[in-house]
Amino acid sequence: MTLPPQITYRNMKPEPRLEEAVLKETARLERFFDRIMSCRVMIQGPKRQQNNLYNVRIDLGVPNEELLVERHPSLHGTLQDLKGPRKSKQTDLERSHRDAVRAVHDAFGEMRRRLQDYVRRMRGLTKHHEPRIVAKVTKLFPEADYGFLETPDGQDLYFHRNSVLDGRFEHLRLGSEVHFVEEPGEQGPQASTVKLVHAPDQARAAARTGVLRTTRPVRRKATGASGH
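Here's what I pulled together on the structure shown here. The shown structure was predicted, so the numbers you read here are calculated from the model rather than taken from an experiment. (Residues numbered from 1 in each chain as written. Predicted model: local features only at pLDDT ≥ 70, side-chain atom pairs only at ≥ 80, totals over all residues. Heavy atoms only, no water.)

### Description of unusual backbone geometry
- Even without being glycine, N11 reaches a positive phi, approximately 60 degrees.
- A positive phi is found at N64, a non-glycine position, where the angle reads about 70 degrees.
- Structurally, the position occupied by N64 is in the loop between β3 (55-62) and β4 (65-71).
- We classify N64 as exposed; its relative accessible area is 55%. (Helix = DSSP H or I, 4+ residues; strand = E, 2+ residues; numbered from the N terminus. Buried < 20%, exposed > 50% of the residue type's maximum accessible area, 1.4 Å probe, protein only.)

What follows is the structure in structure tokens.
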């Protein structure tokens, strides 16, 4: 993750067990998708009108999008009008959200589903709209997690490790050919969705050669997945 998880509390004091739960859940998200840029979690303590239930909000920053989950307690005295099975389910929700750790777990469970949907959408876009512009890696700074591409029109574009698809940043070498998408950044145009051309062939070639580094780092701050 580009930034460590940020946890804020409302109507309650910080609790180590909740911080531990958030760190555990964000680690699970990262194992599923390793290009998460930020995670902000707000845990709100019970209010009288919420029947002592907790509210959890999660903002997850991913490339080109932000995913949001907010679990609001929503009983409001309608239990008696619900049919049997639904009433049982709602009662289970009430019990779970009376426990802060369980409320965090439920919210992150919903976020995992949102993240899975996002990944499926991104894979579909990559498959059907694969970038066709080809560039070459001309500068590479593995220790700083970034490099530069030279486009066919002679433009130098910054890219970050997190913008390289399929975790193939380690396979890049000076001269590697890649597809990419150009997007605006804080310091000008930059490359995102960087994908090796003929990845298996270039990966084998990279395995036979050492990592070639640019000797003088370019004075540019290496930030998150898209350089923000």
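### Digging into the nonpolar core
- One finds L60 and L115 to be the most contacted residues of the largest nonpolar core, which totals 27 residues.
- Elements with a minimum of two residues in this core: α1 (16-32), β2 (38-44), β3, β4 and α3 (100-128).
- Ranked by residue count, the leading element in this core is α3, at 9 residues.
- Sequence-distant contacts of L60, defined by excluding residues within four places in its chain, comprise L29, I36, S38, C39, E65, E66, L67, M111 and L115.
- Of all hydrophobic cores here, the second largest spans 14 residues; its members include V137, L149, F169 and V194. (Core = buried A, V, L, I, M, F, W, Y, C linked by side-chain atoms within 4.5 Å. Contact = heavy atoms within 4.5 Å.)

### What about the pattern of salt bridges?
- All told, the structure shown has 14 salt bridges when counted by the stated rule.
- In this structure, E25 engages R112 in a salt bridge whose closest nitrogen and oxygen atoms are separated by 3.0 Å. Of the two residues, E25 sits in helix α1 while R112 sits in helix α3, which places them 87 residues apart along the sequence.
- Taking the relative accessible area as the measure of exposure, E25 reaches 5% and is therefore buried.
- Taking the shortest distance from any N to any O, the salt bridge between E170 and R161 comes out at 2.9 Å. (Salt bridge = Lys/Arg side-chain N within 4 Å of Asp/Glu carboxyl O.)

### With respect to the environment of V164
- Here V164 shows up in the loop between β7 (156-160) and β8 (177-185).
- Considered as a pair, V164 and S192 are 28 residues apart in the sequence and their alpha carbons are 7.3 Å apart.
- Every residue in contact with V164, bar those within four places of it in the chain, is listed here: F159, F169, L172 and V194.

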